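So you can see what is in the structure, the chains are spelled out below.
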Amino acid sequence: DYPAKKKIQVLGLSADLIISSIDKNIDCFKPDPKAVFYILKKLGINKPEDCLFVGDRYDKDQACADNARIVSLIIK
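Procedures and definitions
- Residues numbered from 1 in each chain as written.
- Predicted model: local features only at pLDDT ≥ 70, side-chain atom pairs only at ≥ 80, totals over all residues.
- Heavy atoms only, no water.
- pLDDT = per-residue confidence, 0-100.
- Helix = DSSP H or I, 4+ residues; strand = E, 2+ residues; numbered from the N terminus.
- Salt bridge = Lys/Arg side-chain N within 4 Å of Asp/Glu carboxyl O.
- Buried < 20%, exposed > 50% of the residue type's maximum accessible area, 1.4 Å probe, protein only.
- Patch = residues over 30% accessible without salt bridge, like charges linked within 9 Å, V, L, I, M, F, W, Y side chains within 5 Å.
- Areas by Shrake-Rupley, 256 points an atom, 1.4 Å probe, with all protein chains shown as cover.
- Pairing = 2+ DSSP bridges.
- Right-handed = clockwise from strand over helix to strand, strands pointing away.

A few words on the confidence of the model for the protein chain. On average, residues of the protein chain carry a pLDDT of 93, and 97% of them reach 70 or more. Taken element by element, the protein chain is modelled with least confidence in helix 1 (residues 4–10), mean pLDDT 89, and with most confidence in strand 2 (residues 71–74), mean pLDDT 98.

Looking now at the pattern of salt bridges. For the coordinates displayed, the defined rule picks out three salt bridges. Asp61 serves as the salt-bridge partner of Lys30, at 2.5 Å between the closest nitrogen and oxygen. Separated by 31 residues along the polypeptide, Lys30 in the loop between helix 1 and helix 2 (34–43) and Asp61 in helix 3 (residues 58–68) bring together distant segments of the chain. The class of Lys30 is partly exposed, set by a relative accessible area of 26%. Judged by its relative accessible area of 3%, Asp61 is buried. Close ionic contact of Asp61 with Arg57 constitutes a salt bridge, the shortest N to O distance being 4.0 Å. Residue class for Arg57 comes out partly exposed when judged on its relative accessible area of 30%. Beyond isolated ion pairs, a larger network of salt bridges with shared partners links Lys30, Asp56, Arg57 and Asp61.

Moving on: a nonpolar patch on the surface. Together, Leu52, Val54, Val71, Leu73 and Ile75 make up a nonpolar patch on the protein surface, roughly 460 Å² of accessible area in all. Of all the elements in the fold, those that place two or more residues in the nonpolar patch are strand 1 (52–55) and strand 2. Here Val71 lies in strand 2.

As paired strands, strand 1 and strand 2 are joined by four bridges and run parallel to one another. Bridge pairing links Phe53 to Ser72 in strand 2. What joins strand 1 to strand 2 is helix 3, and the crossover it makes is right-handed.

A cis amide bond, omega 20°, links Lys30 with the succeeding residue Pro31. With respect to the helices and strands, Pro31 occurs in the loop between helix 1 and helix 2. Phi at Asp27 takes a positive value of approximately 55°, unusual for a residue other than glycine. Of note, Asp27 is situated in the loop between helix 1 and helix 2.

Have a look at this one:
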């Protein structure tokens, strides 16, 4: 969701790639899989079936994974 880079910095974390729903290349929210496809492309992953989408919401995260045809793990 929202400005992820600031959240990551505040938490003292780092990541290889930080993507947010409001980024100009995305501009949509889950369950639209546009961000997932963007991330796969940026990371050079050609086979979505090699990925696992981890989330905590069935209505957003699992639906997004389903829309991208990626296996999901929902953790409550």
